[in-house]
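Architecture and fold: a report
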Amino acid sequence: MKKEKKTLFNEIRELKEFEKEFKGLLKKLRTLNDDMETFIKTQLNLYHKLKINVPGIVRIADLVIDKPKIYKVRKFACRSLKGKGSYCGIRIIYAYYEEEDIIEFIEIFYKSNKENEDRERIFRYYKKD
């Protein structure tokens, strides 16, 4: 994913696995970079900065991880998948460190290839012993 010069958040970062998945999807979905930037500027800004409910973003509550909060994006508009709008089937999993104002992308996948998030990955990076 191409990095924004001026960001709405203190930091936006990606796990290595996310980077690899993103590059794989980018080969098929040429607009993905621009779509991600739009997603950050609109949906993430509305949800985390302006505290406006965005129906396509839900907290994964049953993880027993308090900090950071882990979210799943179920509505992501990808222009490369014409005619589907925000119901394109792309899922994004990310962590939000509220106090530090940091977004960390964990996973991106196409729902037809994989049904649910990789909980092992989430626990590997975020579960405190």
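This text follows the structure it describes.
Now for a look at the structure at hand. (Residues numbered from 1 in each chain as written. Predicted model: local features only at pLDDT ≥ 70, side-chain atom pairs only at ≥ 80, totals over all residues. Heavy atoms only, no water.)

A closer look at the pattern of salt bridges
Considering all chains together, one arrives at 14 salt bridges under this definition. In this structure, the salt-bridge partner of Glu17 is Arg124, at a minimum N-O distance of 3.1 Å. You can see Glu17 sitting in helix H1 (residues 16-28) and its partner Arg124 sitting in helix H3 (residues 119-126), a full 107 residues away along the chain. Judged by its relative accessible area of 22%, Glu17 falls in the partly exposed class. Taking relative accessible area as the criterion, Arg124 reaches 51% and is therefore assigned exposed. It is possible to trace a salt-bridge network through shared partners that takes in Asp62, Lys72, Glu117 and Arg119. (Salt bridge = Lys/Arg side-chain N within 4 Å of Asp/Glu carboxyl O. Helix = DSSP H or I, 4+ residues; strand = E, 2+ residues; numbered from the N terminus. Buried < 20%, exposed > 50% of the residue type's maximum accessible area, 1.4 Å probe, protein only.)

Digging into the packing of H1 against H3
The geometry of H1 relative to H3 is characterised by a closest axis approach of 11 Å and an angle of 145° between their N-to-C directions. Between H1 and H3, the residues in contact are Glu17, Phe18 and Glu21 and Arg121, Arg124 and Tyr125, respectively. In terms of residue class, the contact of H1 with H3 is built from two nonpolar, no polar and four charged. (Axes fitted to C-alpha atoms, helices over the stretch in contact; angles between N-to-C directions. Contact = heavy atoms within 4.5 Å. Nonpolar A, V, L, I, M, F, W, Y, C, P; charged D, E, K, R; others polar.)

Considerations on the packing of H1 against helix H2 (residues 32-49)
Describing two packed helices takes the angle between their axes plus the distance from one axis to the other. Interhelical geometry of H1 versus H2 gives an angle of 125° and a closest axis separation of 10 Å. The orientation of H1 relative to H2 falls into the category oblique. In this structure, H1 uses Phe18, Phe22, Leu25 and Leu26 to contact H2, whose residues at the interface are Leu32, Asn33 and Met36. Of the residues contributing to the contact of H1 with H2, the split by class is six nonpolar, one polar and no charged. (Parallel < 35°, antiparallel > 145°, perpendicular 65-115°, else oblique.)

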